[in-house]
Amino acid sequence: MHTQRLTLTLTALASAGLLLTACGTESGAGSATGGRSAQPEPPLTGVRWTVDSLTLDGKKYEAPGDAHLKIGKDGRAGGSFGCNSVGADVTIKGDTVEFGEPLLTKRACTDESRMRFEKSVLRALGKEKLTAKVDGARMTLTTAKGDRMAFTSRPDEPDTPLTGTKWTVRAVGDAKSAAPLPKDVADKVHLTFGEDGKVRGNLGCNDVTAKAEAKDGRITFGAPATTRKMCPGATMATERRLLKLFDGPARYEIERNTLKLTAADGTVIDASGAAK
């Protein structure tokens, strides 16, 4: 049987952003084996799948509007089921899909319905092998018991531009996990990259300004200039972590309205954007 194995590590997004790393190739038409033609594998890659609903133990749950799974043709993907970015190994054999142990960011969302939906999805995906069925712009993943996730593919929206967008920092961590910002600075930490080659913003306590030249997925920062206010301990600790962004060239990735910045030392900053 023709077998495709994808190893995925989902990492937000976005939007918020963790990215999913996939290894493998897209299948074409089935090949003949022993006089029989193998069925072509479902076209799961190269598509952003919006989660429509989850039916679990006979009860249907509607998905949050931004819940999605994307597996890129270039071997990169990302996804979220309502709150955190989620990653897992997944094996595809014919129309059978099997997920491994999931890895999640550690964001605690205030919307309890999002958290419940996310937990329900993870419970369904981790149960057993799933059967994938793709019909045009629709896909379903179904367990032997009948639990089912429904998806719809939709044309990609353009990514939010790096320049001219107010990027609100949501989480800080590393390549494996991210923690939300402390409550006292949540929604206050932000960066805006200007057309003049500078970045301006606030790190939770102090304002910051620095040169910032973006090119080919990298940002070269100049030495940051900050105000000199003193704030409570947790706020200053967050600020010190964010200042690591300016210690050398940083990588950046944007998917829709989610920016992921990776500092030279491996610190990862997730932010969501809104055009000014």
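Source: prediction; values computed, not measured.

*Asks:* Give me the state of the cysteines: which residues, what numbers.
*Replies:* Inspection of every chain in the model, using the stated rule, returns 1 disulfide. Here Cys-205 is linked by a disulfide to Cys-231, with a sulfur-sulfur distance of 1.9 Å. One disulfide, between Cys-205 and Cys-231, carries an S-S torsion of 80° and so falls in the right-handed class. Here Cys-205, found in the loop between β19 (198-202) and β20 (207-215), pairs with Cys-231, found in the loop between β22 (225-226) and α2 (233-243); they are 26 residues apart in sequence, far enough to count as distant.

*Asks:* Describe the pairing of strand β23 (residues 250-255), listing the residues and the values that go with them.
*Replies:* Walk down a regular strand and you will see the side chains alternate between the two sheet faces. Summarising the sheet, strand β21 (residues 218-221) and β23 pair through 2 bridges and their orientation is antiparallel. If you follow Arg-218 over to β23, its bridge partner there is Arg-251. Sheet analysis places β23 next to strand β24 (residues 258-262), joined by 5 bridges and oriented antiparallel. The residue of β24 that forms the bridge with Glu-253 is Lys-260. Here β23 hands over to β24 after 2 residues, with Arg-256 in that stretch at a positive phi of 55°.

*Asks:* If you had to explain α2 to someone new, which residues and values would you point to?
*Replies:* Within α2, burial applies to Thr-235, Met-236, Thr-238, Glu-239 and Leu-242. Taken around the axis of α2, the buried residues stretch over an arc of 155°, which confines them to a single face. Of the exposed residues in α2, the ones pointing more than 90 degrees away from its buried face are Gly-233 and Arg-240.

*Asks:* Mind laying out the packing of aromatic side chains, listing which residues take part and the relevant values?
*Replies:* A full pass over the atoms with the stated rule returns 2 aromatic pairs. On the numbers, 6.3 Å between centres and 45° between planes, the contact of Phe-193 with Phe-221 is tilted. Taken as a pair, Phe-193 in strand β18 (residues 190-193) and Phe-221 in strand β21 lie far apart in primary sequence, 28 residues in all. Both residues of the pair, Phe-193 and Phe-221, belong to the buried class. Ring pairing ties together the aromatic residues Phe-193, Phe-221 and Phe-246, which thus form one cluster.

*Asks:* Give me the pairing of β19: which residues, what numbers.
*Replies:* Summarising the sheet, β18 and β19 pair through 4 bridges and their orientation is antiparallel. When the bridges of β19 are listed, His-190 appears paired with Asn-202. Counting the residues that bridge the hairpin from β18 to β19 gives 4 residues, and of these Gly-197 lies at a positive phi of roughly 80°. Across 5 bridges, β19 lies against β20 in antiparallel orientation. When the bridges of β20 are listed, Val-199 appears paired with Ala-210. Here β19 folds back onto β20 in antiparallel fashion, the turn holding 4 residues, of which Gly-204 has a positive phi close to 110°.

*Asks:* Describe the nonpolar core, naming the residues involved and giving the relevant values.
*Replies:* In terms of nonpolar packing, the biggest core is built from 26 residues, with Val-51, Phe-81, Val-97, Met-149 and Phe-151 touching the most fellow members. Going through the elements one at a time, β5 (47-56), β10 (90-93), β11 (96-99), α1 (112-125), β13 (130-135), β14 (138-143) and β15 (148-153) are the ones with two or more residues in this core. Apart from the residues within four sequence positions on either side, Phe-151 is in contact with Trp-49, Thr-50, Val-51, Asp-52, Leu-69, Ala-137, Arg-138, Met-139 and Leu-141.

Procedures and definitions
- Residues numbered from 1 in each chain as written.
- Predicted model: local features only at pLDDT ≥ 70, side-chain atom pairs only at ≥ 80, totals over all residues.
- Heavy atoms only, no water.
- Disulfide = S-S within 2.5 Å.
- Helix = DSSP H or I, 4+ residues; strand = E, 2+ residues; numbered from the N terminus.
- Pairing = 2+ DSSP bridges.
- Buried < 20%, exposed > 50% of the residue type's maximum accessible area, 1.4 Å probe, protein only.
- Arc of directions from axis to C-beta.
- Phe/Tyr/Trp six-rings, centres within 6.5 Å; stacked < 30°, edge-to-face > 60°.
- Core = buried A, V, L, I, M, F, W, Y, C linked by side-chain atoms within 4.5 Å.
- Contact = heavy atoms within 4.5 Å.

Any functional reading would require information beyond the geometric quantities listed.
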